Amino acid sequence: RRPTLLTDLSGSVGMGAGNQAGTALLMGSTQLDKTAGGGEARRTSVTIDLYVLDPLKPEAKRKIVSLPGGGWDKFRWAKGDRTLYGLEYRSANESVIWKIDVTSGAKTRVLPVARVQKDKESHQISYGNIHLTRDGGHLVYTSDEDGEFIQWMVMDLATGKRRVLWRDIPWD
């Protein structure tokens, strides 16, 4: 058997998680800026193009959405394979968890970007390590939203209620 090329060579590609049905892979791609080598293809902004790819039919890949910036990672398939959850890293102190509809590409912010503390000042929130529970009803993630340190949190996706899993660990 001969190897099968799953992607083209025009961009930087990262393969993501397989869907729950085991029929597709998630693929993120960003086009290379070819102007350094004298090429004519200049990109005006950095984007990550997210695709669904059947490894047995790579020519039939389908683009889900173009995401702004280059800091997208940790994509997770929700139960039923119609929704993805992904993490957008903006800086070491700020990140955002998004819900993405696989059919339409529509994205919705899942958690707040900033919190308000007792001093009434707004502070950035860092999220990470996102996972979904087996039943698909809860999002488990790490965050500094509830204090100074990063803690494991869980959010009920039906109600939006969040809670700290282990409050008695006062360090990252």
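Located above this text is the structure these notes cover.
Residues numbered from 1 in each chain as written. Predicted model: local features only at pLDDT ≥ 70, side-chain atom pairs only at ≥ 80, totals over all residues. Heavy atoms only, no water.

Side note on the overall build of the protein
- The helix and strand tally for the protein stands at zero helices and 14 strands.
- Within the protein, buried positions represent 34% of all 172 residues.
- In the protein, once contacts between residues fewer than 6 apart in sequence are set aside, the share between residues at least 24 apart is 31%.
- Summed over its atoms, the accessible surface of the protein is roughly 10700 Å², and 50% of this surface lies on carbon and sulfur atoms. (Helix = DSSP H or I, 4+ residues; strand = E, 2+ residues; numbered from the N terminus. Buried < 20%, exposed > 50% of the residue type's maximum accessible area, 1.4 Å probe, protein only. Contact = heavy atoms within 4.5 Å. Areas by Shrake-Rupley, 256 points an atom, 1.4 Å probe, with all protein chains shown as cover.)

Observations concerning the nonpolar core
- Ranked by size, the top nonpolar core spans 16 residues in total, and within it Leu26, Leu50, Ile64, Leu67, Phe75, Leu84 and Ile100 carry the most contacts.
- Every element with two or more residues in this core is listed here: strand S3 (47-53), strand S4 (62-68), strand S5 (72-77) and strand S7 (95-101).
- Excluding residues within four positions of it along the chain, isoleucine 64 makes contact with Leu26, Leu50, Tyr51, Val52, Leu84, Ile100, Asp101, Val102, Ser104 and Gly105.
- Among the nonpolar cores identified, the runner-up in size contains 13 residues, and Ala78, Leu87, Tyr127 and Leu139 belong to it. (Core = buried A, V, L, I, M, F, W, Y, C linked by side-chain atoms within 4.5 Å.)

Let's talk about the sheet that holds S4
- Strands sit in the order S1-S2-S3-S4 across an open sheet of four strands; the sheet is antiparallel. Here the strands that pair on one side only, and so sit at the sheet edges, are strand S1 (11-18) and S4. Going across the sheet, the axis of each strand differs from the next one's by a mean of 25°, ignoring polarity.
- By the bridge criterion, six bridges tie S1 to strand S2 (residues 25-31) in an arrangement that is antiparallel. (Pairing = 2+ DSSP bridges. Axes fitted to C-alpha atoms, helices over the stretch in contact; angles between N-to-C directions.)

Considerations on the packing of aromatic side chains
- Tallied over the entire structure, the rule returns three aromatic pairs.
- Taken together, a centroid distance of 5.7 Å and an interplanar angle of 70° make the contact between tyrosine 127 and tyrosine 141 edge-to-face. Taken as a pair, tyrosine 127 in strand S11 (residues 127-132) and tyrosine 141 in strand S12 (residues 138-143) lie far apart in primary sequence, 14 residues in all. With respect to class, tyrosine 127 is no different from tyrosine 141; both count as buried.
- Taken together, Trp72, Phe75 and Trp98 form an aromatic cluster joined through their ring pairs. (Phe/Tyr/Trp six-rings, centres within 6.5 Å; stacked < 30°, edge-to-face > 60°.)

Here we look at unusual backbone geometry
- In this model, aspartate 81 sits at a positive phi of 60°, which is unusual for a non-glycine residue.
- Relative to the elements of secondary structure, aspartate 81 occurs in the loop between S5 and strand S6 (83-89).

A look at the pairing of S12
- Of all six residues in S12, five are buried, a share of seventy percent or more.
- Summarising the sheet, S11 and S12 pair through four bridges and their orientation is antiparallel. By the bridge assignment for S12, histidine 131 is matched with valine 140.
- Following S11, the chain reverses through five residues before pairing antiparallel with S12; glycine 136 in that reversal takes a positive phi of roughly 75°.
- Across six bridges, the pairing between S12 and strand S13 (residues 151-156) is antiparallel. Directly across from tyrosine 141, in S13, lies its bridge partner methionine 153.

A short note on the pairing of S7
- For S7, a buried count of five out of seven residues is recorded, marking the element as mostly surrounded by other parts of the structure.
- Note that S6 and S7 share seven bridges and pair antiparallel. Looking at the pairing, glycine 86 lines up with tryptophan 98 of S7.
- Taking the residues that link successive antiparallel strands as the turn, the S6-S7 hairpin has five residues.
- Where S7 lies against strand S8 (residues 107-109), three bridges are found, and the strand directions are antiparallel.

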